[in-house]
Amino acid sequence: AAVKPQGIDIADSFFAKEMPVTPDEDPRKEIRGRAYVGIFGSARGSQLMTQAMLTAGLLQAAKSAGAAPKYVDPYFTIIQYYNSLRELGQAAATIDAEIKEHSADVRSRLGLEKPEEGQPDARRYINKCIELASFIPSHEINDVLEQLFNGISNDEKFLEARRVALPDEKLPADICFATNMIQVGLDVPRLGLMTVVGQPKGTAEYIQTTSRVGRSRNAPGLVFTTYNPNKPRDRSHYEHFKSYHQSLYRWVEPTCVTPYSLPTRERALHAVVVILVRMLHHKDITDAPPEEIADETQRFIKDWVLSRINDIDPSESRQTSDMLDEIFNKWCRLGSKTWGSMSQREFEPSAMPLLAASGANIPECEELPFMTPTSMRNVDATSKAFII
């Protein structure tokens, strides 16, 4: 069956909205957006080598463009997007080897040898690499994001030096390795260059990711997608590259929403109950949860939740009712004296909380607290490996 477009307005695809030309602008002036380029390195040994060669060329191109720094700045930092942490780790390990080796080849082809004393150095060096991925502690993420706002100086000599006279925290990043963490919330107007390593799993992910560059009218985006010749799906996307990108929003996959399914209830229903108990019937309780829930309160919460489910998906009503009963029974069995700090990762057996973050280190006990996700990105606990 043909895939139908999402939405009713051709100028508003939900992911992007076409902005009309304002009266003070020349209507003939082209509104800049993003350009996509597909790279299929079938003659290379691996996709990693293709990516290293592409990165080396893009890094040197920004310095060899011969333009003023304000025009070079959007393309000075490369955002490299990877579909998994494993791929990101492999790429980060090649910086000191593959990319620097290919950079030397690029400089040799361009005739950029070591300059004579007193002459400007036209060669590009990698001074700073940063990472944006889920393994970065949450309290450090803002510091990493701030580094992306550091652009190159308007001083023409900035591009001539191997390493500018700036402290590390003020240096512009040469490469930023990233995963799906940057899909939302990353709004840095100066960014204009991205490489996507392998076709992402979904078109919506692809659109959201590549939308991180080219967000300024003065800095049109340039996106290079490198495809893996050994993956049939990547090969197919490369073969249909032009038609796919000409109707990109048409291929956004329909979202399957199952709000009352069993996995959803197991993850979140207890949190809804706690919120209702605390906010609607125990407003005066702040330091410790009640050890028992009054029958009247239980009936109110059950009626409120089940009435909503009956309006949307009555088939899930009976199972939800049973789970609500079990939540109230477990609450009484726990008899916790504290709600629990959701940032705390370890707990004492004698002071178990009512709620604990998913993945927290819980000691052996008869009744586990309600394990509650604290992020919509990280929904699974991390598995630890032990040598036996």
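Summarised in this report is the structure supplied together with it. (Residues numbered from 1 in each chain as written. Predicted model: local features only at pLDDT ≥ 70, side-chain atom pairs only at ≥ 80, totals over all residues. Heavy atoms only, no water.)

Turning our eyes to something else, we now look at the sheet that holds strand β4 (residues 175-178). Spatially, the 6 strands line up as an open sheet ordered β1-β6-β5-β2-β4-β3, and their pairing is parallel. The open sheet terminates on both sides in strands that have one partner only, identified here as β1 (34-40) and β3 (129-132). Taken over all neighbouring pairs, the strand axes of this sheet differ in orientation by 20 degrees on average, direction set aside. Two elements, strand β2 (residues 78-82) and strand β5 (residues 193-197), share 5 bridges in a ladder whose sense is parallel. Of the residues in β5, the one forming a bridge with Tyr-81 is Val-196. Relative to β4, helix α3 (residues 85-92) is tilted by about 155 degrees, and along the sheet it contacts β2, β3, β4 and β5. (Pairing = 2+ DSSP bridges. Helix = DSSP H or I, 4+ residues; strand = E, 2+ residues; numbered from the N terminus. Axes fitted to C-alpha atoms, helices over the stretch in contact; angles between N-to-C directions. Contact = heavy atoms within 4.5 Å.)

So, on to the pairing of strand β6 (residues 221-227). Counting buried residues along β6, 6 of its 7 residues qualify, which places the element largely inside the surrounding structure. When β1 meets β6, the two strands line up parallel, connected through 7 bridges. Within β6, the position partnered with Ile-39 by the bridge is Thr-226. In terms of strand pairing, β5 meets β6 through 5 bridges, oriented parallel. (Buried < 20%, exposed > 50% of the residue type's maximum accessible area, 1.4 Å probe, protein only.)

This part is about the pattern of salt bridges. For the structure shown, the criterion picks out 10 salt bridges. The closest approach of N and O atoms between Glu-87 and Lys-231, which form a salt bridge, is 4.0 Å. Residue Glu-87 is found in helix α3, and its partner Lys-231 is found in the loop between β6 and α7 (232-239); the two are separated by 144 residues along the sequence. Relative accessible area serves as the criterion here: at 15%, Glu-87 is assigned to the buried category. On the basis of relative accessibility, which here comes to 37%, the residue Lys-231 falls in the partly exposed class. Where Asp-174 meets Arg-124, a salt bridge forms, and the shortest distance between an N and an O atom there is 2.7 Å. Separated by 50 residues along the polypeptide, Asp-174 in the loop between α5 (138-147) and β4 and Arg-124 in the loop between α4 (95-109) and β3 bring together distant segments of the chain. As far as burial versus exposure is concerned, Asp-174 and Arg-124 are alike and both buried. Each of the salt bridges in this network shares a partner with another, and the network as a whole consists of Glu-326, Arg-333 and Glu-367. (Salt bridge = Lys/Arg side-chain N within 4 Å of Asp/Glu carboxyl O.)

This part is about the packing of aromatic side chains. A complete count under the given rule lists 7 aromatic pairs for this structure. Look at Tyr-36 and Tyr-206: their rings are 5.8 Å apart centre to centre, the planes differ by 45 degrees, and that puts the pair in the tilted class. Placement of the pair is Tyr-36 in strand β1 and Tyr-206 in helix α6 (residues 203-210), with a sequence separation of 170 residues. Each ring, one from Phe-40 and one from Tyr-238, has its centre 4.8 Å from the other, and the planes form 15 degrees; the classification is stacked. Residue Phe-40 is found in strand β1, and its partner Tyr-238 is found in helix α7; the two are separated by 198 residues along the sequence. Three or more aromatic residues link up through ring pairs in this structure, and these residues are Phe-40, Tyr-227, Tyr-238 and Phe-241. The side chain of Arg-124 reaches across the aromatic face of Phe-76, ending 3.9 Å from its centre. Stacked on the ring of Phe-370, the Lys or Arg Lys-330 has its end atom at 4.7 Å from the ring centre. (Phe/Tyr/Trp six-rings, centres within 6.5 Å; stacked < 30°, edge-to-face > 60°. Lys NZ or Arg CZ within 6 Å of the ring centre and 35° of its normal.)

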